[in-house]
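Read off the chains here:
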Amino acid sequence: MAADNMEIDDSLYSRQRYVLGDNAMHQMAQSHVFLSGIGGLGVEIAKNIILAGIKALTIHDTKPSETWDLGANFFLHEDDVASQRNRAKATILQLAELNPYVQVNTSNDLLDENTDLGFLQNYQCVVLTETRLSLQKKINDFCRSQQQPIKFISADVYGVCCRVFCDFGDHFEVSDPNGEEPKEIFIQSITQSSPGIVTCMDNRNHGLETGQFVTFREINGMTELNNSMQQVTVLSPYSFRIGDTSNLTPYLHGGIAMQLKMPKKFTFENMETQLVNPQCLTVDFSKPEAPLQIHTAMLALDRFQEQHKRLPNIGCLQDADELLRLAIAVNETLKIKAAVNQEIVKWLSRTARGCLAPLTAAFGGIISQEALKALTGKFSPLQQWLYYDVTEILQNLEDTSSDQFQPRGDRYDALRACIGESMCQKLSNLNVFIVGCGAIGCEMLKNFALLGVATGRERGVITITDPDLIEKSNLNRQFLFRPQHIQKPKSYTAASATLVINPQIKIDSHLNKVCPSTENIYSDNFYTQVDVVVTALDNVEARRYVDSRCVSNQCPLLDSGTMGTKGHTEVIVPNLTESYNSHRDPPEEEIPFCTLKSFPALIEHTIQWSRDKFESSFSYKPSMYNKFWDSYKSTENVLQRMQTGESLEGSFQAIKLLNRWPTDWRQCVSLARVKFEKYFHHKAVQLLHSFPLDTKLKDGSLFWQSPKRPPCPMQFDINDELHYSFILSAARLFATIYKIPYMEQDQSKEFISRLLSEVKIPKFTPSAKQIETDENVKKSDQAKLAVSSEEERVAIDLLNKARRTGVATKNRLHMIPVSFEKDNDSNGHIDFITAASNIRANMYSIDTADRLKTKRIAGRIIPAIATATAAVSGLVALELIKIVGGLLFKEYRNCFFNLAIPVIVFTEPAAVKKSQIRNEISFTIWDRWTIYGREDFTLLNFINAVKETYSIEPTMVVHGVKMLYVPVMPGHVKRLKLTMQKLVKPTSDKKYVDLTVSFAPEFDGDEDLPGPPVRYYFRPEEN
């Protein structure tokens, strides 16, 4: 982003713009941040806020690089340690590379109680890490004392515990508390009463909360409410209460309620006050007292450091006892008390010198988002403390010798201090499969490199696959990539960058999708060699497929995802938890076909219509055209076959396209102008012809009432920028598919205006064709390919004409289909969709959308920001450690967060459910029965084998979608004598097949009982 002229580089920031908005982006581009401490937590914060695009960051650090730091700071290297370079100076170049728009400075000046803090007046936000509590309090007071208070954040991660504190001053105004799109609600009725009750149309959920505000428009009858502001009290998901409407004109019909975004003020207390009366965010409701208990323990740790000028020694019982005494004393000074948790104090004492990289990653993401809030006033800030611990990681290490945690002089000393040498060894020997190498994948690789995953001499490898190439928009979040990597494979590039972080790591990079067609690569045998699968995917179907492969092969799975400031993590452990497929989100609500085609009510409808027109005109039709002529080779062949009475599917459409083939740019412009008239004038006239404005339904109500909006025919105006943009972008796209050259000067408004003056516009002729109004009717196939006899006659005439006039050249039997590409601003794709959508919106009196919003909706872009990505990847890596440690079910945590609010919720995963077949026979999703056969093994042998082995007889056997045995189906009883080889027809290399079996119910009339999958081996078990 260029701060001087405030232009936002959309090619870099597009995904983040959808999260923060342009106002916040502009504010960040003028903001200076001071960050002290560039250890594991500090470097994470620096990375995230540089990627976000502030103006300048000063990183302050006085410490030399040590071997210890290599396990925490991913931008430090062994040569930095060897030369004992200052940590800030050693990392500045790599941090500066993350974003060319951000100025990164360093400082290694002493910062203590005697330092003149006046230099901090140059910054809008100060973030402290690795800073003594007494100095934190002094700097906090200085920040508060300024005329424009400097926003203050302090944070620490000590071993398995962490804390964050925010103070943004006495009066901090937030422009947008939650970042959600304002709700737009169609109204069914409004009562004439005190208070007035508003009911939503078709019992649709309004999504409002009590205390929020709405305004109204387009109400018929109770027009006094239009443009008024009303506070809402929610009565039900479908109704809400507003002010007194008893003296207003009776409501007739229509109307839209629009939610108003109202600014919100927040008040903060200084650190001194908050230390004794802390306001904490609860994140794990199974441990409601934990925040206060960690607060006490970490304040005791601050006192320990003040008294001893050091942290507790690893495994030192005397230091642990001293810390406990200090915790008890601290607890007495607090206004709100919780019982001192001796377990937390003990583990804090043992691990305080260590650094758990996933914890710094997760909380680095959270803290960075708070810093961005401080700079922009966008989203609700943390008030005021956040505490968290991961002591459950240590549950199996209770009796481990303290020697296991002692340093050994390598890059894993900081990790070893937290989890011990045995766990470090287990991590080094892991085989991990990462599916996807985007933002989460990059963060995951960095975390695994710091943990020493897959660095073992004998065992351990990370297999990562992603078919995508790097694009510029990726650089804003996928921090392992740089501008010189654009158009290079993500997986190979990320692997190379990860090796720079930890040269010992072993990575096998692939360019494959993980789907049924690659099961020859990612086979059952492959999964049996994998210890953990980690998904970094952006779609549900891919997740479901990977989950099914993991369940089938008893493999743990760690899933995560983000959307804007929201994120989730899910841990799936064989035989302990449910799987990803155990729960299903409700399907996305589709826009009814008739709404898209004729009755749009929202800008989303017009954008989707425009995207459909793009696909139909410039992708689908050219592809069908090519398929037709590829099949029949020549116009002569087609003509002969049609003249003999043969019906050729798609012939009418293909021959029609051939005949309208433009010969030059002028005809491309003409095609675009005719399209304009058809889409935006004729369509409106036809609708009003079919349904005049006074049309009434059977019940006497008006046809044209909310949400149906009567269209207004558009009159073309070259001076209307939307109209000109439509003509230009459509003409360019026609030129592309028809292979017509054009020059830069051909695109000027003056030249196009001259060309348009020669275009003959076809006159509108009303059609008797019925217009669909039923919202339940689905869209038919893209094009009607079957040809009627009349169309065949017309097609033969057109083809004869084309051949006679020389139009039917070989070059014209192939078009160039266009693939929609949202991130290339020069191709005109988004220009076409934006212009078409907004002209249609004007035609229906719908509020238009800017190019940015249109691009997001048409491109189905998932808003994304580096802060949320860092947070989920860190939380996933914490669960990986638990899986390696073989922890009990109760120690695992799923997480959902929304950093905008902020809400962070840790919960136990869903426990695996048992399905009862009958009596003592039950199974879970993780169970699989096994039957070994032989070459002459029949279906009857298989059924009997299941009965003998598992004490229940199958009544139905299915292979995939093929029913092998259903007794009630004709001929199936005869199959009992057939061999399994003949029924299944396996390939020569197939050793087994997974079958679905069902069992007879206990009572007649009940449905058959499902069973677990049965893996049938074609050969006897090898001893």
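Notes on the structure follow.

Criteria and thresholds
Residues numbered from 1 in each chain as written. Predicted model: local features only at pLDDT ≥ 70, side-chain atom pairs only at ≥ 80, totals over all residues. Heavy atoms only, no water. Pairing = 2+ DSSP bridges. Helix = DSSP H or I, 4+ residues; strand = E, 2+ residues; numbered from the N terminus. Axes fitted to C-alpha atoms, helices over the stretch in contact; angles between N-to-C directions. Contact = heavy atoms within 4.5 Å. Patch = residues over 30% accessible without salt bridge, like charges linked within 9 Å, V, L, I, M, F, W, Y side chains within 5 Å. Areas by Shrake-Rupley, 256 points an atom, 1.4 Å probe, with all protein chains shown as cover. Salt bridge = Lys/Arg side-chain N within 4 Å of Asp/Glu carboxyl O. Phe/Tyr/Trp six-rings, centres within 6.5 Å; stacked < 30°, edge-to-face > 60°. Buried < 20%, exposed > 50% of the residue type's maximum accessible area, 1.4 Å probe, protein only. Parallel < 35°, antiparallel > 145°, perpendicular 65-115°, else oblique. Core = buried A, V, L, I, M, F, W, Y, C linked by side-chain atoms within 4.5 Å. Expected span 1.5 Å × (residues − 1). Polar contact = N/O pair within 3.5 Å; in protein donor to acceptor, adjacent residues only side chain to side chain.

**Regarding the sheet that holds strand 18 (residues 431–435)**
Part 1 of the argument: Judged by pairing direction, the sheet is mixed, and its 8 strands sit side by side in the order 20-19-18-21-22-23-24-25 without closing on themselves. With one partner strand each, in any of the chains shown, strand 20 (507–510) and strand 25 (903–907) form the two edges of the open sheet. For this sheet, the mean angle separating the axes of adjacent strands, direction not counted, is 10°.
Part 2 of the argument: Here strand 21 (residues 532–535) runs beside strand 22 (residues 557–563); their pairing, made up of 3 bridges, is parallel. What sits directly across from Val534, in strand 22, is Leu558.
Part 3 of the argument: Where helix 14 (residues 490–501) meets the sheet, its contacts fall on strand 19 (461–465) and strand 20, and the angle it forms with strand 20 comes to roughly 160°.
Part 4 of the argument: Strands in contact with helix 27 (residues 866–885) are strand 21, strand 22, strand 23 (566–572), strand 24 (894–898) and strand 25; relative to strand 22, the strand with the most contacts, it is inclined by about 170°.

**Remarks on a nonpolar patch on the surface**
Part 1 of the argument: There is a patch of nonpolar side chains on the surface, built from Met963, Val968 and Met969 and spanning about 290 Å² of accessible area.
Part 2 of the argument: By the element assignment, Met969 lies in the loop between strand 30 (962–965) and helix 29 (980–984).

**Examining the packing of aromatic side chains**
Part 1 of the argument: Applying the stated criterion across every chain, the model contains 52 aromatic pairs.
Part 2 of the argument: Here Phe74 and Phe479 contribute two aromatic rings whose centre-to-centre distance is 5.4 Å and whose plane-to-plane angle is 65°, an arrangement assigned as edge-to-face. You can see Phe74 sitting in the loop between strand 2 (56–60) and helix 4 (78–82) and its partner Phe479 sitting in the loop between strand 19 and helix 14, a full 405 residues away along the chain. As far as the burial class goes, Phe74 and Phe479 line up, both buried.
Part 3 of the argument: Geometrically, the ring pair formed by Phe676 and Phe680 is edge-to-face, given 5.1 Å between the ring centres and 65° between the ring planes.

**Let's talk about the pairing of strand 17 (residues 385–389)**
Part 1 of the argument: With 5 of 5 residues buried, strand 17 lies mostly within the body of the structure.
Part 2 of the argument: Side chains Trp385, Tyr387 and Asp389 project from strand 17 onto one buried face, and the interleaved Leu386 and Tyr388 project onto a second face that is buried too.
Part 3 of the argument: Where strand 6 (residues 161–167) lies against strand 17, 5 bridges are found, and the strand directions are antiparallel. Note that in strand 17 the partner of Cys161 across the bridge is Asp389.

**Re the packing of helix 18 (residues 603–632) against helix 20 (residues 651–659)**
Axes are the key here: two packed helices are described by the angle between their axes and the distance separating the axes.
Part 1 of the argument: Where helix 18 meets helix 20, the closest approach of the two axes is 9 Å, and the angle between their N-to-C directions is 105°. The angle between the axes of helix 18 and helix 20 places the two elements in the roughly perpendicular class. Contacts from Lys621, Tyr625, Phe628 and Trp629 of helix 18 reach helix 20 at Ser651, Ala654, Ile655, Leu657 and Leu658.

**A closer look at the nonpolar core**
Part 1 of the argument: Counting residues in hydrophobic clusters, the biggest one holds 166 residues, and the most contacted among them are Ile59, Ile139, Leu356, Phe363, Ile419, Phe448 and Val453.
Part 2 of the argument: Here this core takes 12 residues from helix 27, the largest share from any one element.
Part 3 of the argument: Grouped together as the second largest cluster of nonpolar side chains are 76 residues, Leu687, Phe726, Ile830 and Ala858 included.

**Some details on the pattern of salt bridges**
Part 1 of the argument: Within the structure shown, the criterion is met by 61 salt bridges.
Part 2 of the argument: One salt bridge connects Asp10 with Arg17, and the closest N-O pair in it is separated by 2.9 Å.
Part 3 of the argument: The partner of Arg411 in a salt bridge is Glu78, with the nearest N and O atoms 3.5 Å apart. On the criterion of sequence distance, the pair formed by Arg411 in the loop between strand 17 and helix 12 (413–428) and Glu78 in helix 4 is long-range, its members being 333 residues apart.
Part 4 of the argument: Arg411 gets classed as buried once you look at its relative accessible area, which sits at 6%.
Part 5 of the argument: Here Glu78 falls in the partly exposed class, since its relative accessible area comes to 47%.
Part 6 of the argument: Overlapping salt bridges, with partners in common, bring together Asp10, Arg15, Arg17, Asp22, Asp823 and Lys855 in one network.

**Some points on helix 6 (residues 133–145)**
Part 1 of the argument: Here helix 6 contains 13 residues, and its C-alpha end-to-end distance of 18 Å stays within 8% of the 18 Å for a straight helix at 1.5 Å per residue.
Part 2 of the argument: Within helix 6, the full set of buried residues consists of Leu133, Leu135, Gln136, Ile139, Asn140, Phe142 and Cys143.
Part 3 of the argument: Residues of helix 6 that are buried make contact with strand 4 (125–129), strand 5 (151–158), strand 6, helix 7 (271–276) and helix 8 (290–308).

**With respect to the environment of Leu878**
Part 1 of the argument: In this structure, Leu878 sits in helix 27.
Part 2 of the argument: The buried category is assigned to Leu878, whose relative accessible area is 2%.
Part 3 of the argument: Residues Leu878 and Val390 lie 488 residues apart in sequence; the distance between their C-alpha atoms is 8.2 Å.
Part 4 of the argument: Here Leu878 is in contact with Leu356, Pro358, Leu359, Val390 and Ile393, once residues within four sequence places are set aside.

**A short note on the pairing of strand 10 (residues 213–217)**
Part 1 of the argument: With respect to burial, strand 10 is a largely interior element, 5 of its 5 residues being buried.
Part 2 of the argument: Judged by which residues are buried, strand 10 turns out to be covered on both faces: Phe213, Thr215 and Arg217 on one side and Val214 and Phe216 on the other are all buried.
Part 3 of the argument: Summarising the sheet, strand 10 and strand 11 (residues 229–231) pair through 3 bridges and their orientation is antiparallel. The partner of Phe213 across the bridge, within strand 11, is Gln231.
Part 4 of the argument: Pairing analysis gives 5 bridges linking strand 10 to strand 14 (residues 256–260), with the strands arranged antiparallel. What sits directly across from Phe213, in strand 14, is Leu260.

**Remarks on the side chain of Asp10**
Part 1 of the argument: Following the sequence through the fold, Asp10 ends up in helix 1 (residues 10–20).
Part 2 of the argument: Under the relative-accessibility criterion, Asp10 is labelled buried at 11%.
Part 3 of the argument: A distance of 2.9 Å separates a polar atom in the side chain of Asp10 from a polar atom in the side chain of Arg17.
Part 4 of the argument: In contact with Asp10, other than residues within four places in its own chain, are Arg17, Asp825, Leu852 and Lys855.

**Remarks on unusual backbone geometry**
Part 1 of the argument: A cis geometry characterises the amide bond from Gln383 onward to Gln384, with omega recorded as -25°.
Part 2 of the argument: Not every positive phi belongs to a glycine, and Ala454 is a case in point at roughly 60°.
Part 3 of the argument: Inspection of the secondary structure assignment puts Ala454 in the loop between helix 13 (439–451) and strand 19.
Part 4 of the argument: Accessibility expressed as a relative area gives 0% for Ala454, which makes it buried.

**Quick look at the sheet that holds strand 5**
Part 1 of the argument: In spatial order, the strands read 3-2-1-4-5-6-17-16; together these 8 strands make up an open sheet with mixed pairing. On the outer flanks of this sheet lie strand 3 (103–107) and strand 16 (280–281), each paired with one strand and no other.
Part 2 of the argument: As paired strands, strand 2 and strand 3 are joined by 5 bridges and run parallel to one another. The residue bridging Thr58 from the neighbouring strand is Asn105, located in strand 3.

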